[in-house]
Amino acid sequence: MSGDNIASPSRADLLELTPEALTALANAGFVKRAQKDVAAGLLPKLETGADGTVQAQFDDGVRTSLPPGRTLRDAQCSCPASGMCRHRVMLVLAYQALAKANATPAEAGASIASAEASPPEPETAWSPAQFDDAALAASFAPSVLDQAAKLAAARPVVGVQAWRSASAPPVARLPMCSVRFFSRSSLVHARCDCKQGGGCAHVVIALWAFRQAGALEPGAAEVMVEVQPAASSEEDAAASPAPSVMQGEAAAALRSGIDALLLSLWLDGSSQPAMALAARFEAVREQARTLGWSWVDDALDELWQLLQAQQARSSRFDPLRLLRVTTELWARLRAAAHAARPPEGTSRPTLPASQILGIGVKGEVALDHLRLVSLGAELWSDETAEGASILFADPDTQNVTVLERQWSRAADAAAGGAAPSLMNRRVAGFPLRQLASGQVITKTATRRANGLVDITAGARQTGVLPLSPKSWDDLVAPLRQGSVAALVAHLREAQPDFVKPRQAASGASAGASGQLHVVAFERMEVASCHWDAAAQVLHARLGQAPATDEQDDTSPHENDAPSLLHLALPHRAVTPGAVDALARTLAGEHGALRAVAGTVHLQGDQAIMQPLTLLTEQRAVVLQVETAAPQPLGLRSDIEEVPALNALAGDTLELLALWLRQGLRHQSGGALSRAQAQVQRLKQAGLGRSAALLGTVLENMRSAQRPALVAQLAMLGLAMQGVAQSASA
């Protein structure tokens, strides 16, 4: 059938909905089927009413109606479907197809693409800030606007991403959810990934954030905005500066309490009985929750979990991670105090203190129809329990989430019989192995601001498909990087951990530090692969093969660090098949490599990744859930040495981590002599300030200046972390 009357009035909002937008507003299956019907010419009969309502009459008798100011889920359809259906998607695609067909010179006078009615050129940049208060009032109920005002009273920090292309619209990342604006003509098509899906207070907050962000260049980097209460413009925001969150007796008491707790850890060590610290941890966490400092509370929680993991001799414990969290906690409080004082001559800080502290971030949000693609899993085990962290990416919002589960050995014993293997444990009704190696589609998910996601088991509410070689194709930068050079540049420009929102994915990988990334480029090949028997680590370097069979200057060489991705996978008893699975995959057992995901950090000018999952031409290989047969590994004794400065920083961090475990009170004379020798090494390497800090620590260990140790040790740790990642000379 063909359309009879679609000329007046024009529904520009429907013409602006791209296939990507329709996929987000409905689902990929409905969009693909509707696209096939359009291509085959199976269009419904369309009519546009005087009020702009578009009605579609299908051959099977189904009638679908979409009035102005309504999103797809609000459309009326006579089909039996209880929710979203293909007819609603087909209405939009048919409307676009017929509009395009009518836009000919002979029919220009009657076409909906005429000069008066044509929507903006689809490749023209735009911003949600263009919607005024009248548009807000017309699109949202007063109760929604009131709720948004209450949310804004907490001054949430929102990351706004400018328009990049027709398929990459403006995006706002709120602490609890993400909002995408798919139409420049109507706010009703803004998509929020909360349970409501749109028309919610989050969309209003996102729009206010774009207003306060001001003019943004197309494709510009994400800008962080502290949303002001009831502010509608940048001028209003500047006129209502945020009160200092670091002032007051409660804030001072919390800072003092955390400093005292950290001093106790440094003096007596993390090996002291956890019961001796439990009451102090709970006291400062309660203070942090009262003040709403969510990221401080989250850091305290991770610190406590690490202490418990150490006591339980868990594979989750990592001494360097313990050191990083300890220094981050101290630095976060100091950074927030500094950010609370705006630079001279400005009304607002460069980085909001509320973002650093996590003010306004609490609770969890129920999510709408959600698709999660696995990036890998981390398994752990200790004397009392075992568990797993599955890392997912949301291709729609590019957010990274973590699903955590643990099972008590005592509960297994009480239940009687043999405990199931970890891979057969059930998560949301599915075996752990299937979930860790799959794509999850669910309507029962909830997410916390730190990226922790939970999925409850529900009949017909959750489905799992296996990962395919193309599962990560929808991921984009910065999560997915197309070259090692781009990855290195991104890591160098990244803000330090102590000012960023805390993310569960950062601490999910046992024994690894860094950011989670996917690296994919054409003609990925293995430049080298060997087993370090002393360190029990499999090392490999990935580069890009030349376009021809002849080697030329563009070929990867092992000393060309910026063009090579260094993989380093340590053997862990809890995942005995991971190393062999990686070795077999790199040897080409499953075809050519397409992409690899893992946690990445810098060492000099090298990007070093602890891999979690590899995609090949044939399949996905999720390393920690594989049961690969043993693979002969090549040994190498001429392992490339770490640059001297980076190695020196690493040695100093190891020393600090040892002190944190054992306690400064318990260091012997020999240990202090070795520390004094480290001072001299730092001096000789030109790291005079770090040498002075370490020397001062040694002087204050048995003096009245002990309270100053926390700051000195934290600054030394941060300095050494920076040197360990700095470019080699």
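Chemist: Talk me through helix 7 (residues 201-213); I want residue IDs and the actual numbers.
Modeler: Compared with an ideal rise of 1.5 Å per residue, which puts 13 residues at 18 Å, helix 7 spans 18 Å between its outermost C-alpha atoms and is within 8% of the ideal. Most of helix 7 is tucked away: 13 of the 13 residues are buried.

Chemist: Kindly report on the sheet that holds strand 7 (residues 178-180), identifying the contributing residues and their values.
Modeler: Spatially, 8-7-6-5-9 is the arrangement adopted by the five strands of the open sheet, whose pairing is antiparallel. For this open sheet the edge positions go to strand 8 (191-192) and strand 9 (223-226), each flanked by a neighbour on one side alone. Pairing geometry for strand 6 (residues 171-173) and strand 7, over three bridges, is antiparallel. Bridge pairing in strand 7 places Ala172 opposite Val179.

Chemist: Outline the sheet that holds strand 17 (residues 445-448), listing residues and values.
Modeler: Judged by pairing direction, the sheet is antiparallel, and its three strands sit side by side in the order 10-17-18 without closing on themselves. Every interior strand has two partners, whereas the edge strands, strand 10 (364-366) and strand 18 (453-455), have only one. Going across the sheet, the axis of each strand differs from the next one's by a mean of 20°, ignoring polarity. Sheet analysis places strand 17 next to strand 18, joined by three bridges and oriented antiparallel. Opposite Thr446, over in strand 18, you have Asp454 as the bridge partner.

Chemist: I'd like to hear about the pairing of strand 3 (residues 63-66), residue by residue, with values.
Modeler: The pairing of strand 2 (residues 54-57) with strand 3 spans four bridges and is antiparallel. Within the sheet, the bridge partner assigned to Val54 lies in strand 3 and is Leu66. Between strand 2 and strand 3, which pair antiparallel in sequence order, lie five residues; one of them, Gly61, sits at a positive phi of approximately 90°. Taken together, the two bridges between strand 3 and strand 4 (residues 76-77) define a ladder with antiparallel strand orientation. Note that in strand 4 the partner of Thr64 across the bridge is Cys77.

Chemist: So, the packing of helix 3 (residues 28-39) against helix 4 (residues 86-102): which residues are in play, and what are the values?
Modeler: Where helix 3 meets helix 4, the closest approach of the two axes is 9 Å, and the angle between their N-to-C directions is 45°. As summarised for this structure, helix 3 and helix 4 are arranged oblique, according to the angle between their axes. Judged by the twist between their axes, the crossing of helix 3 over helix 4 is right-handed. Here Phe30, Val31, Arg33, Ala34, Gln35, Asp37 and Val38 of helix 3 come into contact with helix 4, specifically with Arg86, Val89, Met90, Leu93, Ala94 and Ala97. Its residues assigned to classes, the contact of helix 3 with helix 4 shows nine nonpolar, one polar and three charged.

Chemist: Quick one: what's the story with the state of the cysteines, residue by residue and with numbers?
Modeler: Per the counting criterion, the structure on display carries zero disulfides. With no disulfide partner, Cys77 has as its closest neighbouring cysteine sulfur the one in Cys79, 3.5 Å distant.

Chemist: Talk me through the confidence of the model for the protein chain; I want residue IDs and the actual numbers.
Modeler: Here the protein chain averages 86 in pLDDT, and 88% of its residues register 70 or above. Predicted confidence in the protein chain is weakest over helix 8 (residues 234-239), with a mean pLDDT of 48, and strongest over strand 27 (residues 620-622), with 96. The low-confidence segment residues 237-241 (pLDDT under 50) makes nine contacts with residues lying over four places distant or belonging to another chain. Residue range residues 550-559 is modelled with pLDDT below 50. Its contacts to residues more than four positions away, or to other chains, number 17 contacts.

Chemist: Run through the nonpolar core, naming residues and quoting values.
Modeler: Where a protein is soluble and globular, its nonpolar side chains tend to be buried together. If you look at the biggest cluster of nonpolar residues, it comprises 83 residues, and the most contacted ones within it are Phe181, Trp208, Leu435 and Trp472. Take this core: its biggest share by element is ten residues, from helix 7. Core analysis: the second largest hydrophobic core is formed by 69 residues, Phe281, Ala336, Leu351 and Leu648 among them.

Chemist: So, the packing of aromatic side chains: which residues are in play, and what are the values?
Modeler: Following the criterion strictly, the structure yields three aromatic pairs and no others. Between the aromatic rings of Phe181 and Phe210, the centroid separation amounts to 5.8 Å while the plane-to-plane angle is 85°, which identifies the pairing as edge-to-face. Here Phe181 is found in the loop between strand 7 and strand 8, whereas its partner Phe210 is found in helix 7, with 29 residues between them in sequence. Accessibility classification places Phe181 together with Phe210 in one group, the buried group. Relative to Trp304, the ring of Phe281 has its centre 5.1 Å away and its plane inclined at 45°; by these criteria the two rings are tilted. Here Trp304 lies in helix 11 (residues 294-311) and Phe281 lies in helix 10 (residues 275-291), a separation of 23 residues in the sequence. Note on Phe281: relative accessible area 2%, which makes it buried. Above the face of the Trp380 ring, Arg316 is positioned so that its terminal group lies 3.7 Å from the ring centre.

What counts and what doesn't
Residues numbered from 1 in each chain as written. Predicted model: local features only at pLDDT ≥ 70, side-chain atom pairs only at ≥ 80, totals over all residues. Heavy atoms only, no water. Helix = DSSP H or I, 4+ residues; strand = E, 2+ residues; numbered from the N terminus. Expected span 1.5 Å × (residues − 1). Buried < 20%, exposed > 50% of the residue type's maximum accessible area, 1.4 Å probe, protein only. Pairing = 2+ DSSP bridges. Axes fitted to C-alpha atoms, helices over the stretch in contact; angles between N-to-C directions. Parallel < 35°, antiparallel > 145°, perpendicular 65-115°, else oblique. Left-handed = near helix turned anticlockwise from the far one by under 90°. Contact = heavy atoms within 4.5 Å. Nonpolar A, V, L, I, M, F, W, Y, C, P; charged D, E, K, R; others polar. Disulfide = S-S within 2.5 Å. pLDDT = per-residue confidence, 0-100. Core = buried A, V, L, I, M, F, W, Y, C linked by side-chain atoms within 4.5 Å. Phe/Tyr/Trp six-rings, centres within 6.5 Å; stacked < 30°, edge-to-face > 60°. Lys NZ or Arg CZ within 6 Å of the ring centre and 35° of its normal.

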